[in-house]
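Chain and residue survey
What follows is each chain in one-letter form.
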Amino acid sequence: MPPLGEPQMTQGPRIDPPRLNEPYLLTPGPLTTSYATKEAMMRDWGSWDGDFRAMTAEMRKRLLALLGPGSEAFDCVPIQGSGSYCVEAMLGSFVPRDGKVLVLANGAYGLRAAKTMEYLGRDFHLLDKGDYLPPRGAEVSAILEADPAITHVLAIHCETSSGILNPVEEISAATYAAGRELLIDSMSAFGALGLRPWEIRYEAMVSSANKCIEGVPGFGFVIARKEALQRAAGNSHSLSLDVEAQWAHMEKTGQWRFTPPTHVVAAFLEALRQHEAEGGVAGRGARYARNRDVMVEGMRELGFETLLAERWLSPIIVTFFCPADEKFVFDRFYELMKAKGFIIYPGKLTVVESFRIGCIGQMDEHVMRQVVRAAKETLAEMGVASAAPPAAALEERAKLAA
Ligand SMILES: *Cc1c(COP(=O)(O)O)cnc(C)c1O
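Overview of the structure. Just so it is clear, the structure is predicted and the values come from calculations on it, not from any experiment. Within every chain, residues take consecutive numbers counted from 1 along the sequence as written. Local features in a predicted model are, by the rule used here, given only for residues with pLDDT of at least 70; side-chain atom pairs are given and counted only at 80 or more, and totals for whole chains, interfaces and linings are based on all residues. For side-chain calculations, the full set of non-hydrogen atoms in the structure is used, while hydrogens and water are omitted.

Structural notes on the overall build of the chain
Counting from the N terminus, the helices are DSSP H or I runs at least four residues long and the strands are E runs at least two residues long. Broken down by element type, the chain carries 13 helices and 14 strands. C-alpha atoms of the chain, sized along the principal axes, occupy 60 × 55 × 35 Å. Using a 1.4 Å probe on the protein chains alone, a residue whose accessible area is under 20% of its type maximum counts as buried, one over 50% counts as exposed, and one in between counts as partly exposed. The proportion of buried residues among the 402 residues of the chain is 58%. In what follows, residue pairs with any heavy atoms lying within 4.5 Å of each other are defined as contacts. Sequence separation of at least 24 residues holds for 72% of the intrachain contacts in the chain that already meet a minimum separation of 6. Method for areas: the Shrake-Rupley scheme with a 1.4 Å probe, in which residue coverage is limited to the protein chains shown. Put simply, the chain shows about 16,000 Å² of open surface, and 53% of that area lies on carbon and sulfur atoms.

Here it is as structure tokens:
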């Protein structure tokens, strides 16, 4: 067992490990949150009361500040529900009913966005790159040139199903060169990776409380250009998911339109303060990158191989191929890792077997070393001699290099 419940001695930013022998969640959210974040939920707030309105205002201001210079042109609109509610709210609010979206998919979340377009009954073109190949700027340019009806492009920042970091800057450049507008699902990246307005142009992006800001689940938020928010009036198919209406109401009254997740907001505000204390986006991103580097290096030493080459690996979550050794059974690996205090995540590839290990949440490189040690012990318990993947997995990976 790793020393759960004991404070971690770190040189870098302090992390606050789970207490009461809870396992670490090596998952892309919900994730391991700090004790202070959980503790912030230990009181009740009136949704109409000035104290809670001040909390909402502070939260919106802090989120906008994460954009850095240029954030004055944007505003932040929180939306109740999980991240998918926010994606749906963004698509339904910023894409006019007669608009058309180029959906760039290379995994489950891109495909979910396409499905959302189906539900919305709005036109879209799906570029499906399969399990993990990145959509490139040149492809976007070619599709936009061939189809003048397309008004918007939807890109996934980090596609959490493989962990790939998609080339959003290149996609943005291609989109605006063709005179179209970009919407970004930055759910699993925002807070650890920048979306700085002076580096990348976009109309709106979404993220949620339970990813890189390290809050608990319950709401998400849209950060959009004020000018795009104004233009969005009347577009939405949905009362509760109308981003412009939520924005207008919040601007006027300081309140959410419908019951806000008060405790979740209180926890999130605490998480935002910790994010700032850690050095903001740069500090958070650096800790996650270090988590990834230490974990990937250790897993490779055990013989595991990553799906993605270095260039595409995000500091959010990493996909590993399951070992070829027939003694390796994922469910058993999962249970034995859990017994050692680590909850990992199954893979989502369609062609070969895989699993994922998240790098986000209240964890640092010391925890990641314990994860690798636990994986080593688990392989020994299972009698797996080598963690090397099957040849088919490596052939699959070679496609990425091609
Ligand atoms: C987490 C996530 C979502 C939202 O998923 P929910 O289960 O609705 O919270 C959307 N897109 C990406 C890329 C994500 O990682």
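Some thoughts on the layout of surface pockets
Grid points spaced at 1 Å over the protein atoms alone were grouped into cavities, where a 1.4 Å probe fits but cannot get out, and pockets, open sets with protein on both sides within 12 Å along at least five of seven lines, with lining residues defined by an atom within 4 Å of a point. Grid points are joined across faces, edges and corners, and a volume is the space filled by probe spheres set on the points. Roughly 240 Å³ of volume is contained in the largest pocket. Looking at the lining of the largest pocket, the elements with two or more residues in it are α3 (83-94) and α4 (108-120).

Observations concerning the site of the ligand
We call a residue near a molecule or strand whenever a single non-hydrogen atom of that residue lies within 4 Å of it. Close to the ligand lie S82, G83, S84, Y109, R112, I156, C158, T160, D185, M187, S188 and K211, which account for all nearby residues. Polar contact is the term for a pair of N or O atoms within 3.5 Å; when the atoms are in protein, one must be able to donate a hydrogen and the other to accept it, and sequence-neighboring residues count only if both atoms are side-chain atoms. S82 places a polar side-chain atom, nitrogen or oxygen, 2.5 Å from an oxygen atom of the ligand. One of the side-chain N or O atoms of R112 is found 3.5 Å from an oxygen atom in the ligand. With the chains in place, 87% of the 380 Å² that the ligand exposes on its own is no longer accessible. Assignment of a molecule to a cavity or pocket requires that more than half of its atoms lie within 2 Å of the corresponding grid points. Here the ligand is seated within the largest pocket. Taken together, the elements giving at least two residues each to the shell around the ligand come down to α3 and α4. When residues are sorted by character, Ala, Val, Leu, Ile, Met, Phe, Trp, Tyr, Cys and Pro go into the nonpolar class, Asp, Glu, Lys and Arg into the charged class, and all the rest, Gly among them, into the polar class. Partitioned by chemical class, the residues of the shell around the ligand number four nonpolar, five polar and three charged.

Overview of the environment of P389
Of note, P389 is situated in the loop between α12 (365-382) and α13 (391-401). Taking the relative accessible area as the measure of exposure, P389 reaches 10% and is therefore buried. When near neighbours in sequence (up to four residues on either side) are disregarded, P389 contacts G303, E305, F321, C322, P323, A324 and L394.

Re the side chain of S93
Relative to the helices and strands, S93 is located in helix α3. Within polar-contact distance, the side chain of S93 engages the backbone oxygen of L241 at 3.4 Å. In this view, S93 contacts A232, N235, S236, L241, D242 and V243; residues no more than four positions away in its chain are not counted.

A few points about the sheet that holds strand β14 (residues 354-358)
A pair of strands is considered paired only if DSSP assigns at least 2 bridges between the two. Spatially, β11-β14-β13 is the arrangement adopted by the three strands of the open sheet, whose pairing is antiparallel. With partners counted over all chains shown, the strands left at the sheet margins are β11 (317-321) and β13 (345-346), one partner each. Bridge count between β11 and β14: five bridges; the pairing is antiparallel. When the sheet's bridge partners are listed, T319 is paired in β14 with R356.

Let's talk about the sheet that holds strand β5 (residues 152-156)
In spatial order, the strands read β2-β10-β9-β8-β5-β3-β4; together these seven strands make up an open sheet with mixed pairing. Each end of this open sheet is capped by a strand with a single partner; those strands are β2 (74-80) and β4 (123-128). On average, adjacent strands in this sheet sit at an angle of 20 degrees to one another, irrespective of strand direction. Here strand β9 (residues 204-208) pairs with strand β10 (residues 219-225) via five bridges, running antiparallel. Bridged to S207 within β10 is F221. Working convention: axes come from line fits to C-alpha atoms, limited for helices to the stretch in contact. Angles between N-to-C directions cover 0 to 180 degrees.

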